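Examination of the molecular architecture
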Amino acid sequence: MSTTRWLIAFLSLALVLGVVLWEWRQKTSPGPLHPIHAAVKKLQGPAGCAECHGGFVQGMAASCATCHQDVQRQIELAKGLHGQIDLKRVTQCGTCHTDHVAGKIEMVTARSFREAGFADPDTFDHGKIGKFELNGRHAELKCDQCHPAAMAGFLGTGQTRFLGLSQSCVSCHNDVHEGSFGGRCASCHGQSLAFKPAATFKHTDEFPLVSGHAGHECIDCHGKSGPTSVAALALKPLPPRSCAECHASPHGAELVALELKRHAESSSSCTDCHHRDDESFLSPVAKMPPELHKLAGFALDPPHDKATCVACHEAIESQKSLGAAPDLRARFKELYPGRVLSACNECHASPHKTGLLQAVAASQNVAEAKTCVICHRETDASFLSPTAKMPSELHRLTGFTLDPPHDKTQCIGCHKVIGTREKLPKGPDLQLRFAQHFPGRSQQACEKCHEDPHCNQFLTSASKGQCAACHANERFVPSEFDLQKHEQTRMPLTGAHRATACNDCHKLQDGVTKYRSTATACVACHADVHLGTFDEPALPKLVNGGSDCARCHTTSNFEDVRWNGKDHLAWTGYVLKGAHAATACAACHLPEKQADEHGRTFGVAPRSCSACHADPHSGQFVRDSVNDCARCHSESLKFTQTTFDHQKDSAFRLDETHVKLECGACHRDASIDANVKLVRYRPLGMRCEDCHEPRGKSEKGDP
């Protein structure tokens, strides 16, 4: 190639490179910087790229650190937000902070936190990076409430988004104590509750803030200024104040003077009656000692020694504090008026009718005001029975004479409601309520006091439910309903029934003893031990005027059965003959030592002979597993007398020679073993030689 052509090519390349260089110097790539970076002079123009992106010597993270030295310190010390990000990720600044988009995307967004490994700025855990845990109200705050520039698009020179804040409370909150307690706000207030109660503050142990003293703000007791203010106590603690220093006394000067005589110092007098933790200083928490109450003019002698304060001073039951005011003394007297011990009517309203009180006063020749002690004792707390006793002569004035048996009856026996011994509350209907407890009654109206235990069973009877028909006035139990009266009922008592207790037949039913419509059938009270054997349809229902069990049994003795042999055949189908007819029932129906599940005390009689009698033949006549004694023996004959016919019942008929022989000539005694001996009947040989020796064999010849 010629020199000219090389020169043209070189100049063309130089021209292209020059144009490219010019274009590159005139424009930042790939896009415009964020305004915050674009405003920095050294970042402007092509030379500014290396300021952020670095060159051949250092990388982008190191370049950023030259301007953001506070961030670099966090990374190096592993503190703050950037100090908690993974090292590989924290060196990739562009991952979290987007530039070259002309500020269309802010440098710090919610995505920046997510890319850094934090889910959400609003749930950011301050405890991990700044040792400042957000609790209580602080946890409810948004980021920009403490960090105003948290999401700002443009930061001024030296301005930061999150750094630079102090964790001291006074950096955000006014110090109402004006430095008296230093900066230790959290030691009393914490972060979880409202600021004023100072929830974590612990009052002095000599004066714990409990009950009535709890729940107040400090300023309520200590004020804004003065020797007992919070600021003054911070510099010099003082001993706890006495009650009188804070609370006005509602008591009269006379009572206070009498009480002070009992104490060397006035500060101790309040605690005789009041507990310092009582919010209202009123009953029932407050307790006035009896000796002090006596100084007030009313000795708490019986029965007033057991009375509660609210029982006499009802208005204090609300337990609300009276509150300090010029009329405190007057309002206190409404709750605790001075009373005289003898003036009962000031506290106790009379439930009695005026006419009765006047009649009592006239009969006892005393003033009406002094009639109470005739029936009531001063030591009776309720004025009701059993302590109160109304004399018989006064009871007559009520219209009911206490004649026998009522003369021995206690008040509570007729007036049961007073057994509680509770005082009847005051009210306009007091006399009406008292009359419900002590109503006037007729001497003859027993049912007004006595509940009918029979639940009106006898209202339709001849007695019309009158108690006197069966009961005496002097005693209710036992009743006078005797055997003679029982004869008039559907069930006259005979035999063992005459000695039977009433409740054996008259049972409780729904809590009431049943008398009327009581069943008279035997099975109503007695179990059928025969299990219905004698109730078959073909059997008689009535025998000699008796039904049910009475067909065979008497009421005198259940074992006394009115049976004979004929009855045995009629009821059981088994006739009693011979020795069986004279045999006692228990010989066949064996008595049991203990009743079975049906209540039977006798056994069921078997029908086979072998069940009762031993077989003297040791089974010689058993046929097909059955030993039928009746083939040879009869109940009408003795056992030794048989009905056996050798000519009919035997395979060996007796000829004229053998018929003359005794049975024992052929049927001789034999032994099965040492213990069993019997007469042998079977088997026996039927050939002559089985019994007779052949001729010539016997020395004496044939028999």
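Residues numbered from 1 in each chain as written. Predicted model: local features only at pLDDT ≥ 70, side-chain atom pairs only at ≥ 80, totals over all residues. Heavy atoms only, no water.

Digging into the overall build of the protein chain
Looking only at helices and strands, the protein chain has 30 helices and 6 strands in total. Here the protein chain holds 703 residues, and the buried ones make up 18% of them. Considering only contacts in the protein chain between residues 6 or more positions apart, those separated by 24 or more positions represent 45%. In the form shown here, the protein chain has an accessible surface area of approximately 50,500 Å², with 57% of it arising from carbon and sulfur atoms. (Helix = DSSP H or I, 4+ residues; strand = E, 2+ residues; numbered from the N terminus. Buried < 20%, exposed > 50% of the residue type's maximum accessible area, 1.4 Å probe, protein only. Contact = heavy atoms within 4.5 Å. Areas by Shrake-Rupley, 256 points an atom, 1.4 Å probe, with all protein chains shown as cover.)

Quick notes on the side chain of His37
Note that His37 resides in helix H2 (residues 35-38). Look at His37 and you get buried, because its relative accessible area is 17%. The contacts of His37, once residues within four sequence positions are left out, are Leu43, His68, Asp99 and Met107.

Some points on the pattern of salt bridges
Taken as a whole, this structure holds 8 salt bridges when the rule is applied. With a shortest N-O distance of 3.0 Å, Asp327 and Arg331 are connected by a salt bridge. Taking the relative accessible area as the measure of exposure, Asp327 reaches 37% and is therefore partly exposed. We note a salt bridge from Asp690 to Arg687, for which the minimum N-O separation is 3.5 Å. With a relative accessible area of 38%, Asp690 lands in the partly exposed category. In the salt-bridge network here, residues are joined through shared partners; they are Arg687, Glu689 and Asp690. (Salt bridge = Lys/Arg side-chain N within 4 Å of Asp/Glu carboxyl O.)

Some points on the environment of Leu539
Looking at the secondary structure, you find Leu539 in the loop between strand E2 (512-513) and strand E3 (542-543). Given the relative accessible area of 14%, Leu539 is considered buried. Spatially, the C-alpha atoms of Leu539 and Thr572 are 9.9 Å apart, while their sequence positions differ by 33 residues. Those residues in contact with Leu539 that sit more than four places away from it in its chain are Thr533, Phe534, Ala570 and Trp571.

Regarding the nonpolar core
One finds Leu81, Ile85, Val90, Cys96, Val108, Phe113, Ala116, Phe118 and Phe124 forming the largest nonpolar core, which totals 9 residues. Of all hydrophobic cores here, the second largest spans 5 residues; its members include Phe534, Val543, Cys552 and Trp571. (Core = buried A, V, L, I, M, F, W, Y, C linked by side-chain atoms within 4.5 Å.)

Here we look at the side chain of His633
Structurally, His633 is set in the loop between helix H28 (585-588) and helix H29 (646-649). Of the polar contacts made by the side chain of His633, one reaches the backbone oxygen of Phe639; its length is 2.9 Å. Ignoring anything within four residues of it in the chain, the contact list for His633 reads His617, Phe639, Gln641, Thr642 and Thr643. (Polar contact = N/O pair within 3.5 Å; in protein donor to acceptor, adjacent residues only side chain to side chain.)

Quick notes on the packing of aromatic side chains
Applying the stated criterion to the full structure yields 6 aromatic pairs. Judged by centre distance (6.0 Å) and plane angle (40°), the rings of Phe458 and Tyr515 are tilted. You can see Phe458 sitting in the loop between helix H23 (430-437) and helix H24 (483-486) and its partner Tyr515 sitting in the loop between E2 and E3, a full 57 residues away along the chain. Accessibility expressed as a relative area gives 23% for Phe458, which makes it partly exposed. The class of Tyr515 is partly exposed, set by a relative accessible area of 31%. (Phe/Tyr/Trp six-rings, centres within 6.5 Å; stacked < 30°, edge-to-face > 60°.)

Description of unusual backbone geometry
Residue Pro478 follows Val477 across a cis peptide bond; omega there is 0°. Cis rather than trans, the peptide bond between Arg682 and Pro683 has omega equal to -10°. The residue Leu531 is not glycine, and still its phi comes out positive at about 55°. Mapped onto the fold, Leu531 is located in the loop between E2 and E3. What makes Leu531 partly exposed here is its relative accessible area of 47%. A positive phi angle is found at Asn544, which is not glycine, with a value near 55°. Following the sequence through the fold, Asn544 ends up in the loop between E3 and strand E4 (546-547). The exposure class assigned to Asn544 is exposed, which follows from its relative accessible area of 76%.

Fair warning: the whole summary comes from geometry, so function is off the table for now.
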